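# Results of the structural survey
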Amino acid sequence: MIYQLTSDFPEFSPIDFHSGINIILAKRSQNTTNGLGKTLLIACIDFVLGSNYKKSLLTKYPELNNYTITLQMDYKNEKISASRMINQKESSKIFVRNLQNDKEEYIPVSKWKDDLLMDKFSYDGNLSMLTWRSLLNFFIKDSSVNNFDNGLKGFQSDNLQKTTVYQSFLINIAFEEIERSFLSESLKTEGKNLTSYINKLKLVVDSTPELVPNDVENYAIFQRKINSEINKESNSLLSYQNRIDLLQLELGKLHESLNYIENVVPNNRAEELYSVLDAELQPYIKKSFSEANEFHKKLISENKIVINEEIRKIQNDLSDTQFRYRQLQNKIKHLLSVKKEKSSTLSTVNATSLVLNELLNKPSNEISKEVSSRVEKISAKNKEKINRNIDTNQDTIESYRMFLSKHVNEVYDSNKKIDFDIFFDTALRIVFSYKDDSGTGKSNMKLLIYYYFILIINNKLFERNMDMLIVDTDFTDGIDSNNLIRFFYSVENELIENNCQLIFTLRDDRSVSIQESAKKEWIRRILTDEDDGYLFKKGLIKE
């Protein structure tokens, strides 16, 4: 929430804002509303919120140089004043004063933007494309767009993939899967350049090895060494496992043989049979059955001794092998632990350096092939996940349609059928249409309703702290005045309930007078072409 905009420029009067509708009205008393400061006011807000210094409209006016713009606003659940000087040297920092405890600090603009990204969108900026400034572009609208599909883009030059990432985040549909797809696809499109880069890098590193970070080189050497040792011990472990299997198999066969021998030893009944046969057949045989029986017993006894001795040897060998196997297991666990510990202590090594170091050892013609192959697999899996996510969020999508339908019909005071759908083919597609929605003014009104929808669902549904939508009068050109007034009445209570605000700059040259139709508390400042009616001063010259 922005509470006040002010400046130390001598003729600048503070402008207060509140939740709900805030209108800065440019009213012509003599000549024109141009040059009164409507667009400069939005540039002031944008400047403190981290706009590029050289691209800011404020820097085009030499008389504003060395003056400071200040916003009173919510930041990290506290009320602060944030100031930035219109001076190239000083503009790289934001002076922040906590209005509750008077604590003061200077914050670099780069950190300020990262902090705002986290504070307003609960996002830490892991995806470089999704920055505070890229997302803020959906909440500060300063020019006509005329086309809904173009209005979904963060910037005019954005392709479908970028638009997909922005919109999936803002409507919270399949963002994680779409983020992964975007990152992997961006690698695929740069495959040839990556190969070329690695080729050049190899040549340069050969002649200038200092380019390879020491820690990366040491880490790579350590990795190769410890991986070699782990592989060696793993192979030994496999050999031990094979030997254990063979010994256990051999032991099993010996036990089977022993069991068979023990089971064929003559029992008492057989002893009686040998005696009868010996008595009856004695005259006809060379050896008595008793002698044969004794020989058989001796043979079995000797074989049992041999087999039991072999079983004992194998059991000892097996026990020793199993012991060595357990020792080797512990050694490998230790090596893996050392590898993990060593990796964590190399704090200066980053993933990019390690990847480049690995690529240096690969044939160049394999790089783009490998990247493309992996990207194809990732993309196919993510597409399935994205569509599953969309399927499971049909109730949410229907609630979005009902929200948009409500405000469309209140704006047009009619019962229009709203088409709203979200699907994914090569990119995320958002369909939002209704009868008679074409043409500059009507298209801008549709986009205004959509941007308002984005504001409310981010603040209310996703509990992000983004709570303002700022619109310059150029964006509302062509929008029917009656529809615009109905839009204000349609959203006012919802804005106040959610502690959100709309800040509009408008010209009072419409078919319906804004000043007469609007509530008095909506109009926060009237700019006129009288001497004291300008935002900064009369006659401010742009270089």
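Residues numbered from 1 in each chain as written. Predicted model: local features only at pLDDT ≥ 70, side-chain atom pairs only at ≥ 80, totals over all residues. Heavy atoms only, no water.

All right, on to the side chain of S56 then. Here S56 shows up in the loop between α1 (38-48) and β4 (68-75). Discounting chain neighbours no more than four positions away, the residues touching S56 are F47 and S51. (Helix = DSSP H or I, 4+ residues; strand = E, 2+ residues; numbered from the N terminus. Contact = heavy atoms within 4.5 Å.)

A separate point is the packing of helix α13 (residues 394-412) against helix α15 (residues 481-497). Here α13 crosses α15 at 135°, and the two axes come no closer than 7 Å. In terms of axis orientation, α13 runs oblique to α15. Handedness of the α13/α15 crossing: right-handed. Taken together, the residues of α15 that come into contact with α13 (itself represented by F403, K406, H407, E410, V411 and Y412) are N483, R486, F487, S490, V491 and E494. In terms of residue class, the contact of α13 with α15 is made up of five nonpolar, three polar and four charged. (Axes fitted to C-alpha atoms, helices over the stretch in contact; angles between N-to-C directions. Parallel < 35°, antiparallel > 145°, perpendicular 65-115°, else oblique. Left-handed = near helix turned anticlockwise from the far one by under 90°. Nonpolar A, V, L, I, M, F, W, Y, C, P; charged D, E, K, R; others polar.)

Look at α13: 27 Å from first C-alpha to last across 19 residues, which is about the 27 Å you get at 1.5 Å a residue. Of all the residues in α13, the buried ones are I397, Y400, F403, L404, S405, H407, V408, N409, V411 and Y412. Just past α13, the residue D413 takes up positive phi, approximately 50°. (Expected span 1.5 Å × (residues − 1). Buried < 20%, exposed > 50% of the residue type's maximum accessible area, 1.4 Å probe, protein only.)

The next thing to look at is the pattern of salt bridges. Per the counting criterion, the structure on display carries 15 salt bridges. In this structure, a network of salt bridges that share partners links the residues K76, K111 and D115. (Salt bridge = Lys/Arg side-chain N within 4 Å of Asp/Glu carboxyl O.)

So, on to the environment of K38. Within the element layout of this structure, K38 appears in helix α1. For K38, a relative accessible area of 6% gives the class buried.

With that settled, consider the sheet that holds strand β1 (residues 2-7). Across the sheet, six strands lie side by side as β2-β1-β4-β5-β6-β7; this open sheet has antiparallel pairing. Each having just a single partner strand, β2 (15-16) and β7 (104-108) make up the two edges of the open sheet. Sheet strands in contact with helix α2 (residues 109-121) are β4, β5 (78-85), β6 (93-98) and β7, and its direction is about 30° off that of β4. (Pairing = 2+ DSSP bridges.)

So, about the pairing of strand β10 (residues 428-433). Only one face of β10 is covered, namely the one carrying L428, I430 and F432; the face carrying R429, V431 and S433 has none of its residues buried. With six bridges connecting them, strand β9 (residues 419-424) and β10 associate as antiparallel partners. Among the inter-strand pairings, D421 is bridged to a residue of β10, identified as V431. Between β9 and the antiparallel strand that follows it, β10, lie three residues.

Glancing now at the packing of α13 against helix α14 (residues 440-461). Relative to each other, α13 and α14 sit at 135°, their axes nearing to 10 Å. As summarised for this structure, α13 and α14 are arranged oblique, according to the angle between their axes. At the point where α13 passes α14, the crossing takes the right-handed sense. Touching Y400, F403, L404, H407, V408, V411 and Y412 of α13 are K442, M445, I449, Y450, Y452, F453, I456, I457 and L461, all from α14. Split into classes, the residues belonging to the contact of α13 with α14 amount to 14 nonpolar, one polar and one charged.

Our next topic: the sheet that holds strand β13 (residues 523-528). Two strands in a sheet stick together by hydrogen bonds in their backbones, pointing the same way (parallel) or opposite ways (antiparallel). Judged by pairing direction, the sheet is parallel, and its five strands sit side by side in the order β8-β11-β12-β3-β13 without closing on themselves. Only two strands of the sheet have a single neighbouring strand rather than two, namely β8 (140-141) and β13. The sheet contact formed by strand β3 (residues 20-27) and β13 spans five bridges and is parallel. Opposite I24, over in β13, you have R525 as the bridge partner. Along the sheet, α1 makes contact with β3, β8, β11 (468-471), β12 (501-507) and β13, crossing β12 at roughly 150°.

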